[in-house]
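The lines below spell out each chain.
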Amino acid sequence: MSRRVVVTGVGLVSPLGIGTEETWKGILAARNGIGPITQFDATAFSCRIAGEVKNFDPFNFIEKKEVKKMGRFIHLGIAASDFALADSGLKVTPEIAERVGVYIGSGIGGFEVIEREYRQLLEHGPRRISPFFIPATIVNLASGHVSIRTGAKGPNSATATACTTSAHSIGDSFKIIQRADADVMICGGAEACISPLGIGGFAAMRALSTRNDDPEHASRPFDSERDGFIVGEGAGILVLEALEFAQQRGARIIAEIVGYGMSSDAYHVTSPAEHGEGATRVMNNALRDAKLSPDQIDYVNAHGTSTELGDRLETEAIHGTFGEYASKLPVSSTKSMTGHLLGGAGGLEAGLCVLAIRDQIAPPTRNLESPGPGCDLDYVPNQARPLRIDYALSNSFGFGGTNGALIFKRYQPGN
């Protein structure tokens, strides 16, 4: 029989705040995290707004000599990991080090470092390329640094599955513990690509909102006036533990993870499959893994990016999964407040699901004034709602048609 796996720590760094509780307070207040881009001059860009992590100082988390060796996504991932470990109360001692793993992904990695070093190459030649360039950019180095800093010697991996990255990192970590290849996993994702190429690339696809003069209302999932997503940055990290391990060390258990689904649309590089077929399958796969019926889910944190096609097809997929129960099921998109953290989104949103279970409250969908055609669910508009949540589901969908879904459960001792 596979082992039960629980969540003992949540670490969040987001456009709403540096730290888990600061981010959570912003979510419950339906606060806006979107504003003008300050990290570069965006004057010439069609989209000039983003969800930046404001006032983030890596020196508060990392030794000065180490900061320059890392891309910003690593800085954010380390900070979120620090918050998660502090929340869990876990100390990685030599006695347990080989049973503690790290699995932190990123959809893009050190984009801003790539741009900076390429400019150095063009302007000054190859001798001016930093010797830290490669390890500052590659996706697995957030995991690598957290492993080195903590002394965790168990599984050490990373995934890069676009906007499903964090969900896959957490889900894979869940399975690693279930099959007893580790007792603890520090897992999730981090992203930082608010850079000229990052914003410019998504803008060239016409995927971004151009509501530059009204950033407060730019990210508006499921609303009839939505015009694209907003790039956000940040990190979401969970500490997962085998139930017996957590109990033996007297850990505070916040929630339990009980289901993980994966699927592929096998349809198109960027567009979801017709009728949300791949999303329907991934939710059904997660339900099957958790051995739950659809009507046992109390809340869904939607992928909900604020694109016309994606929001409508996710709504259709939820109908396909939950049938008549879908009309009674609270569904919200917290990207309405944070923007889309891409590879970090699933980590942030999984953390928010855990906090929603902890506090028994459903996060809102900000800026929902008039639902668009085909968007007919209960999206918890504009105000958080007290709600009994025994089971919460988190959706993540990525370019290439890759899908992930996670299910969390309210933990009750003896149950």
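Reading the values: the criteria
- Residues numbered from 1 in each chain as written.
- Predicted model: local features only at pLDDT ≥ 70, side-chain atom pairs only at ≥ 80, totals over all residues.
- Heavy atoms only, no water.
- Helix = DSSP H or I, 4+ residues; strand = E, 2+ residues; numbered from the N terminus.
- Buried < 20%, exposed > 50% of the residue type's maximum accessible area, 1.4 Å probe, protein only.
- Contact = heavy atoms within 4.5 Å.
- Areas by Shrake-Rupley, 256 points an atom, 1.4 Å probe, with all protein chains shown as cover.
- Lys, Arg positive; Asp, Glu negative; His and termini not counted.
- Charge placed at Lys NZ, Arg CZ, Asp CG, Glu CD.
- Core = buried A, V, L, I, M, F, W, Y, C linked by side-chain atoms within 4.5 Å.
- Axes fitted to C-alpha atoms, helices over the stretch in contact; angles between N-to-C directions.
- Parallel < 35°, antiparallel > 145°, perpendicular 65-115°, else oblique.
- Nonpolar A, V, L, I, M, F, W, Y, C, P; charged D, E, K, R; others polar.
- Salt bridge = Lys/Arg side-chain N within 4 Å of Asp/Glu carboxyl O.
- Patch = residues over 30% accessible without salt bridge, like charges linked within 9 Å, V, L, I, M, F, W, Y side chains within 5 Å.
- Left-handed = near helix turned anticlockwise from the far one by under 90°.
- Polar contact = N/O pair within 3.5 Å; in protein donor to acceptor, adjacent residues only side chain to side chain.
- Phe/Tyr/Trp six-rings, centres within 6.5 Å; stacked < 30°, edge-to-face > 60°.
- Pairing = 2+ DSSP bridges.

Along the backbone of the protein chain there are 13 helices and 15 strands. Residues classed as buried in the protein chain amount to 62% of the 415 residues present. Long-range pairs, those at least 24 residues apart, make up 78% of the contacts in the protein chain with a sequence separation of at least 6. Surface summary for the protein chain: the accessible area is close to 15800 Å², and the carbon and sulfur share equals 52%. For the protein chain, the distance from the average site of its 39 positive side-chain charges to the average site of its 46 negative ones is 5 Å.

With respect to the helices and strands, P215 occurs in the loop between α8 (196-204) and β8 (234-242). Residue P215 is classed as buried on the basis of its relative accessible area of 15%. Ignoring sequence-local partners within four residues, the contact set of P215 consists of N32, I34, G35, P36 and I49.

For the rest of this paragraph, the subject is the nonpolar core. One recurring pattern in soluble globular proteins is that nonpolar side chains are buried together. In this structure, I170, L238, L240, I257, L406 and F408 are the most contacted members of the largest nonpolar core, which totals 79 residues. Among the elements that line this core, the one with the most residues is helix α13 (residues 345-359), at nine residues. Each residue touching I257, except ones within four places of it in the same chain, is listed here: V5, I170, F174, L240, L406, I407 and F408. One finds L287, A317, A326 and I407 within the second-largest nonpolar core, a separate group that totals 28 residues.

Running from N to C, helix α1 (residues 20-28) and α13 cross one another at 75°; their axes reach a closest spacing of 11 Å. Overall, the two elements α1 and α13 adopt an arrangement that is roughly perpendicular. On α13, the residues touching T20, E21, T23, W24 and I27 of α1 are L348, L352, L355, A356, R358 and D359. The class makeup of the residues in the contact of α1 with α13 is six nonpolar, two polar and three charged.

With that out of the way, let us pick up the pattern of salt bridges. Opposite charge on two side chains lets them pair, provided their charged atoms get close. Per the counting criterion, the structure on display carries 24 salt bridges. When the shortest N-O distance is used, the salt bridge between R252 and D87 registers 2.6 Å. A residue pair is termed long-range when its members are at least 10 positions apart, and R252 in the loop between α9 (243-248) and β9 (255-264) and D87 in helix α3 (residues 72-88) qualify at 165 residues. Residues participating in the shared-partner salt-bridge network are R3, R99 and D183.

Attention now goes to a nonpolar patch on the surface. On the surface, a cluster of nonpolar side chains totalling about 370 Å² of accessible area is made up of Y118, L121, L122 and I129. Tracing the backbone through its elements, the reader meets L122 in helix α4 (residues 111-124).

What follows concerns the packing of helix α10 (residues 277-290) against helix α11 (residues 308-322). Relative orientation of the contacting elements α10 and α11 amounts to 40°, with a least axis distance of 8 Å. Taken together, the axes of α10 and α11 are oblique relative to one another. Like other packed secondary-structure pairs, α10 and α11 cross with a definite hand, here right-handed. On α11, the residues that touch A279, T280, M283, N284 and L287 of α10 are A317, I318, G320, T321 and F322.

Examined against the element boundaries, Q178 turns out to sit in helix α7 (residues 165-178). Contacts of Q178, omitting those with residues within four sequence positions, involve S2, R3 and V5.

As a further point, take the side chain of S332. Structurally, S332 is set in strand β11 (residues 331-332). Judged by relative accessible area, which is 0%, S332 ranks as buried. A polar side-chain atom of S332 sits 2.6 Å from a polar atom in the side chain of Y299. Among all residues touching S332, those that are not within four sequence positions of it are Y299, V300, N301, A302, P363, P364, T365, Y379 and V380.

In this structure the tally under the stated criterion is seven aromatic pairs. Aromatic side chains F40 and F45 sit 5.3 Å apart centroid to centroid with 70° between the ring planes, which places their arrangement in the edge-to-face category. Owing to a relative accessible area of 13%, F40 belongs among the buried residues under this scheme. Seen in terms of ring centroids, F222 and Y379 are 4.1 Å apart; in terms of plane orientation they differ by 10°. Their pairing is stacked.

Let us now look at the pairing of β9. Within β9, eight of the ten residues are buried, leaving the element largely enclosed by the surrounding structure. Examined bridge by bridge, strand β1 (residues 5-14) and β9 share three bridges and lie antiparallel to one another. Bridge pairing links V6 to E256 in β9. Here β9 pairs with strand β15 (residues 402-409) via eight bridges, running antiparallel. Following the sheet pairing, S263 is matched in β15 by N403.

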